[in-house]
Amino acid sequence: MTKLYLAIPCYNEEDVLWDSAEKLLNKYYDLMTENKISPDSKIVFIDDGSKDNTWAIIEDLHGQNPVFEGIKLSRNRGHQNALLAGLMTLKDKADAVISIDADLQDDINVFDEMVKKYEQGCDVVYGVRSKRQTDTFFKRFTAEAFYKILNRMGAKVIFNHADFRLMSRRALEAFSLYHETNIFLRGMVPMIGFKTAIVKYERAERLAGESKYPLKKMLALAWEGVTSLSIKPIRMITWLGLFIFIISLAMIIYSLISFFVGAAVSGWASTLCSIWALGGLQLLAIGIIGEYIGKIYMETKRRPRFIVEEYLGDDGSY
Ligand code: UDP
Ligand code: MG
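Residues numbered from 1 in each chain as written. Chains lettered and ligands numbered in written order. Predicted model: local features only at pLDDT ≥ 70, side-chain atom pairs only at ≥ 80, totals over all residues. Heavy atoms only, no water.

A. Structural context of the nonpolar core. Ranked by internal contacts, the top residues of the largest apolar core, which has 41 residues, are Ile71, Leu87, Leu90, Val97, Met167 and Phe175. In terms of residue count, helix α3 (residues 79-90) provides more of this core than any other element does, 7 residues in total. Dropping the residues within four chain positions of it, Leu90 is found in contact with Tyr5, Leu6, Ala7, Val44, Ile71, Val97 and Tyr311. Leu6, Ala21, Ala96 and Ala197 belong to the second largest nonpolar core, which has 39 residues in total. (Core = buried A, V, L, I, M, F, W, Y, C linked by side-chain atoms within 4.5 Å. Buried < 20%, exposed > 50% of the residue type's maximum accessible area, 1.4 Å probe, protein only. Helix = DSSP H or I, 4+ residues; strand = E, 2+ residues; numbered from the N terminus. Contact = heavy atoms within 4.5 Å.)

B. View of the pattern of salt bridges. With the rule as written, the count across this model stands at 10 salt bridges. The closest approach of N and O atoms between Lys91 and Asp92, which form a salt bridge, is 3.7 Å. Under the relative-accessibility criterion, Lys91 is labelled buried at 12%. For Asp92, a relative accessible area of 47% translates into the label partly exposed. Here Arg186 makes a salt bridge to Asp163, at a shortest N to O gap of 3.5 Å. With Arg186 in helix α7 (residues 185-188) and Asp163 in the loop between α5 (137-152) and β6 (165-168), the pair connects residues that are 23 residues apart, well separated along the chain. (Salt bridge = Lys/Arg side-chain N within 4 Å of Asp/Glu carboxyl O.)

C. Structural view of a nonpolar patch on the surface. On the surface, a nonpolar cluster with roughly 1,000 Å² of combined accessible area is contributed by Trp239, Leu242, Phe245, Ile246, Leu249, Ile252, Leu256, Phe259 and Phe260. A relative accessible area of 45% places Leu256 in the partly exposed class. (Patch = residues over 30% accessible without salt bridge, like charges linked within 9 Å, V, L, I, M, F, W, Y side chains within 5 Å. Areas by Shrake-Rupley, 256 points an atom, 1.4 Å probe, with all protein chains shown as cover.)

D. How the structure looks around the coordination of the magnesium ion (ligand 2). Around the magnesium ion (ligand 2), the donor atoms from the protein are Asp103 (OD) and Gln105 (OE1), and they sit 1.9 Å away. The pair formed by Asp103 and Gln105 is uniform in burial state, with each residue classed as buried. (Donors = N, O, S within 2.8 Å, 3.2 Å for Na, K, Ca; no water.)

E. Molecular detail of unusual backbone geometry. Backbone geometry places Leu104, a non-glycine residue, at a positive phi of 50°. Turning to its location among the elements, Leu104 is positioned in the loop between β4 (96-99) and α4 (111-119). Residue classification places Leu104 among the buried residues on the basis of a relative accessible area of 9%. One non-glycine residue, Asn160, adopts positive backbone phi at about 60°. The topology assignment puts Asn160 in the loop between α5 and β6.

F. Quick peek at the packing of α5 against helix α8 (residues 215-229). Taken N-terminus to C-terminus, the directions of α5 and α8 make an angle of 10°; their axes are 10 Å apart at the nearest point. With respect to α8, the element α5 is oriented roughly parallel. Here α5 contributes Phe138, Lys139, Thr142, Phe146 and Leu150 to the contact with α8, which in turn contributes Leu215, Met218, Ala222, Gly225 and Val226. For the contact of α5 with α8, the class distribution of residues is 7 nonpolar, 2 polar and 1 charged. (Axes fitted to C-alpha atoms, helices over the stretch in contact; angles between N-to-C directions. Parallel < 35°, antiparallel > 145°, perpendicular 65-115°, else oblique. Nonpolar A, V, L, I, M, F, W, Y, C, P; charged D, E, K, R; others polar.)

G. Quick look at the packing of helix α1 (residues 17-33) against helix α2 (residues 54-64). Remark: α1 packs on α2, axes separated minimally by 10 Å, with the N-to-C direction vectors making an angle of 30°. The orientation of α1 with respect to α2, classified from their angle, is roughly parallel. For the pair α1 and α2, the sense of crossing is right-handed. Contacts between α1 and α2 pair Leu17, Trp18 and Ala21 from the former with Thr54, Ile57, Ile58, Asp60, Leu61 and Gln64 from the latter. Residue composition of the contact of α1 with α2, grouped by class: 6 nonpolar, 2 polar and 1 charged. (Left-handed = near helix turned anticlockwise from the far one by under 90°.)

H. Molecular detail of the site of ligand 1. Neighbouring ligand 1 are 19 residues, the closest being Glu13, Asp48, Asp103, Ser211 and Lys212. Protein burial of ligand 1: of its 540 Å² of free accessible surface, 95% is covered by the chains. Classifying every residue of the shell around ligand 1 gives 5 nonpolar, 5 polar and 9 charged. (Near = heavy atom within 4 Å.)

I. Inspection of the packing of aromatic side chains at higher detail. Overall, the coordinates contain 8 aromatic pairs when judged by the stated rule. Put simply, the rings of Phe146, Tyr147, Phe159 and Phe184 touch in pairs and so form one group of aromatic residues. (Phe/Tyr/Trp six-rings, centres within 6.5 Å; stacked < 30°, edge-to-face > 60°.)

J. Representation of the pairing of strand β3 (residues 68-73). Most of β3 sits inside the fold, with 6 of its 6 residues counted as buried. Burial of β3 is two-sided: the residues Phe68, Gly70 and Lys72 facing one way and the residues Glu69, Ile71 and Leu73 facing the other way are all buried. Bridge analysis of strand β2 (residues 42-47) against β3 gives 5 bridges, and the strand direction is parallel. Across the sheet, the residue bridging to Asp47 is Lys72, located in β3. (Pairing = 2+ DSSP bridges.)

K. Structural detail: the pairing of strand β1 (residues 4-10). Along β1, 7 of the 7 residues are buried, which leaves the element largely enclosed by surrounding structure. The alternating pattern of β1 places Leu4, Leu6, Ile8 and Cys10 on one face and Tyr5, Ala7 and Pro9 on the opposite face, and all of these are buried. In this sheet, β4 lies alongside β1 in parallel orientation, the contact comprising 4 bridges. Directly across from Leu4, in β4, lies its bridge partner Ala96. In terms of strand pairing, β1 meets β2 through 6 bridges, oriented parallel. Each residue of the ladder has a partner; that of Tyr5, found in β2, is Lys42. In terms of handedness, the path from β1 via α1 over to β2 forms a crossover that is right-handed. (Right-handed = clockwise from strand over helix to strand, strands pointing away.)

Below you can see the structure in the form of structure tokens.
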């Protein structure tokens, strides 16, 4: 029987946590009585440096029922790092770990199917959203554009899959070999390979509280996705540079001919235009190259990607 752990990042989730915990507990009891998961499976909340009562609630839950465990990060590091902290802390304890958001927008009833796929030999099972009816038009449009642009840019992501997925111990072990600091999990997991599967589900609305992913964070995530997985933007600049160089050759020939036939005019407009255009392009190029140098800089520091402050488990570790 599969020893299944859940990794649930939580940032200021006091409004939904009790509710989510109860729903998850019921689901776990069902799975256990149907002998689909082993009785020592756990539900683990990762507190990503919340400023509200989230950690107190997690402690309460753990006190009430040891099926609940908690990992407290030393400060807010963002969803991706919190999730990574959970996965890396749990990888030696579980047979498989499912990651899911605290607001349970992802359907907990597909756990059964995920575990089944795992037992059939899949190391990664991706949860994929079948429809986006509950999203606003804007969210749906931006999210779908996001996946398409990422794929164009060479980052292979699973369409409409966020971070709801099951990973086996073996997959987590392999994943732990990726030491980079700039992490974009849904782009990195497909890199590890192994046998994978997809399960479809419909995403619901948030239970309570508000989204911790405003547009600004979404854009930051998209940008992280592109620049941490792909060097296409640099290549695009190279092509652009080549294109402009070819045009400038033609312009030189044109101006030389004009000069010799005596048709050259003062040229004020063209000079001004080219100064602006070239200045702009150069700045853009330097900016994008700088983005990568910044990443190299961060990687060379090899800072810890997370620090676990406390682990609430029953084997006394940490
Ligand atoms: N989250 C986190 N750290 C952060 C922001 C968010 O751990 O800095 C968690 C949050 O508690 C939730 C998950 O990431 O469990 C996804 O956030 P949310 O549901 O607000 O995003 P949305 O579904 O609106 O994209
Ligand atoms: Mg959500």
